[in-house]
Amino acid sequence: MPELPEVETIVRGLRAQVQGQRITRVVVHQPRIIHGSRAAFRRLLPRARIACIERYGKYIIFHLDLGAHSAASWCLLVHLGMTGQLHWCRPELPYLKHTHVTFWLANGAQLRFRDQRRFGRLEVIPAKFLSRYFTRLGPEPLEIPFTAFARLFAGRRAVIKSLLLNQSLLRGLGNIYSDEALFRARIHPVTPAGSLDLAALHRLYAAIRRVLRAAIAAAGTSFSNYITAQGQPGEFQFRLRVYGREGQRCMRCGSRVKRTALAGRSSYFCPRCQRRPW
DNA sequence: CGTTGAACCTGTTTGC
DNA sequence: TGCAAACAGGTTCAAC
C-alpha cells in the first residue's frame, strides 16, 4: 500500500508526536510480524528513547537511544507492506482488529501498528548494519540528479514500468505513482526502458518529482487502509489521473483509460496519450 | 538479464 | 442468494 509519499507523511507525523519520547512498554499481539532478532526486540525496545525518525525508500527508521543500557546504537525498522498502519493514539481508544504491536510512551500516548494483510514487518537491528541491510535499494527519486537517473535505464531491455517498481533502481515508487508518473510523462508502461530518448527521460524525471511532491503535499493517497500517523486519510486519491480509472475518460484527451497486467499487477494508461513505441 | 508465478495474509468486489 | 474467482498500495524467491 504505502509508497514514498505515504511513508513520508507518516514519518513527518511521527516526528511531531513521538520523536524524543521514551518507550515504557511494548506489547506484541502478533509475534509473526516481528522479524530478525525477537530477543533484541523484547530486550531493547522497552526503556528505549526514540531519538530520531527517518524515511529510507518505503522503510521507516527509528533511531533508538538506549542510554546506559547499550554501548552500541540500535534501530527499529518498520516496513508497512500493503496495509500497514503506524498511528499515534490515546490508550483509551479501543483496539481495532489487526493491531499487532502496541508501544506505550512516557507521555501516556500509544503508538500502534496495525496490518490487515500482515505483509508489513518490524525489526530491531544494530545501526552499523543499516547500510548492509539497505544495499539492494537504489537512490531516492527526489534526490537523484538527472544524469544519474538517465543512466539507470541505458541499455535496459526491461519495460519501464517494471524498472520503476524495482526498488534496487529507485527506492520508494510503487504501483500508483509509477502509473501516475508515466501518464504525466506520456510514456507507455511497456516501453523498453533503454529505448527512451533524452526528451522522454526528461519528461519522466520531471513527472516523478512533480507527482511525488504533490502527493506528499496532499498527505498521500488513501483508498481503504492508509492513514497518517494522526489517523487521518490522505487527499491525493482525488488528484489521481489514471490509476484505478479503467474505462473512464482520459483527463487529457477523453479516450478510455485502459488496464493491462504486468507481472501480475495492474497498470493503468491512456492508449492515446501514452503511445506504444511500435 | 528479464519475466512470470507463487508465496506471505485478509478482506472486498465482481461475475456467474 | 450463494459461491468462487479476481483483485488489492509490497517484497522475495524459484523457475524458465
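Every chain is numbered on its own, with residues counted from 1 as its sequence reads. The order in which chains are written sets their letters, starting at A; the order in which ligands are written sets their numbers, starting at 1. In keeping with the predicted nature of the model, local features appear solely for residues at pLDDT of at least 70, side-chain atom pairs appear and are counted solely at 80 or more, and the whole-chain, interface and lining totals rest on all residues. Only heavy atoms go into the side-chain values, all of them from the structure, while hydrogens and water stay out.

A. Up close: the sheet that holds strand 6 (residues 84–89). What makes two strands pair is DSSP finding at least two bridges between them. Helix and strand definitions follow DSSP, with helices as H or I runs of at least four residues and strands as E runs of at least two, each counted in order from the N terminus. What the 4 strands build is an open sheet, ordered 1-7-8-6; its pairing is antiparallel. Of all strands in the sheet, those bounded by a partner on one side alone are strand 1 (23–28) and strand 6. Averaged over all adjacent pairs, the angle separating strand axes in this sheet is 15 degrees, with direction ignored. Axis definition: a line fit to C-alpha positions, over the contact stretch in the case of helices; interaxial angles, taken between N-to-C directions, run 0 to 180 degrees.

B. Structural detail: the protein's contact with DNA strand B. Neighbouring DNA strand B are the residues Arg32, Lys97, His98, Gln116, Arg117, Arg118, Phe119, Arg156, Arg157, Ala158, Val159 and Ala263. The separation between a phosphate oxygen of DNA strand B and a polar side-chain atom of arginine 156 is 2.7 Å. Valine 159 places a main-chain nitrogen or oxygen 3.2 Å from a phosphate oxygen of DNA strand B. Residue classes follow a fixed rule: Ala, Val, Leu, Ile, Met, Phe, Trp, Tyr, Cys and Pro count as nonpolar, while Asp, Glu, Lys and Arg count as charged, and any other residue, Gly among them, counts as polar. In terms of residue class, the surface near DNA strand B is made up of 4 nonpolar, 2 polar and 6 charged. Whether a residue is near a molecule or strand depends on its heavy atoms: if one lies within 4 Å, it is near. The definition of a polar contact used here is a pair of N or O atoms within 3.5 Å, where within protein one atom must be able to donate a hydrogen and the other to accept one, and adjacent residues in sequence count solely through side-chain atom pairs.

C. Structural detail: the nonpolar core. As used here, the term nonpolar core means buried Ala, Val, Leu, Ile, Met, Phe, Trp, Tyr and Cys residues forming a set that is joined through side-chain atoms within 4.5 Å. Each residue is assigned to one of three classes by its accessible area relative to the maximum for its type, calculated with a 1.4 Å probe on protein chains only: buried under 20%, partly exposed between the two thresholds, exposed over 50%. Membership of the largest hydrophobic core comes to 42 residues, with the highest contact counts inside it found for Phe149, Phe153, Ile160 and Leu204. Among the elements that line this core, the one with the most residues is helix 7 (residues 198–217), at 10 residues. Contact definition: two residues touch when any of their heavy atoms are within 4.5 Å. With residues up to four places along the chain from it excluded, the contact list for phenylalanine 153 reads Ile160, Leu163, Leu164, Leu169, Ala193, Gly194 and Leu201.

D. Representation of the pattern of salt bridges within the structure. One speaks of a salt bridge when a side-chain nitrogen belonging to Lys or Arg is within 4 Å of a carboxyl oxygen belonging to Asp or Glu. Across all of its chains, the model carries 8 salt bridges by this definition. Among the salt bridges present, the one from aspartate 65 reaches arginine 49, with a minimum N-O distance of 3.2 Å. Note that aspartate 65 is positioned in strand 4 (residues 59–65) and arginine 49 in strand 3 (residues 49–56), a separation of 16 residues in sequence. When its relative accessible area of 28% is taken as the criterion, aspartate 65 is described as partly exposed. The partner of arginine 184 in a salt bridge is glutamate 180, and the shortest N-O contact between them spans 2.5 Å. With arginine 184 and glutamate 180 both in helix 6 (residues 175–185) and 4 residues apart, the pair spans about one turn of that helix. Salt bridges here are not isolated pairs; linked through shared partners, they connect Glu8, Arg12, Arg55, Glu140 and Arg171.

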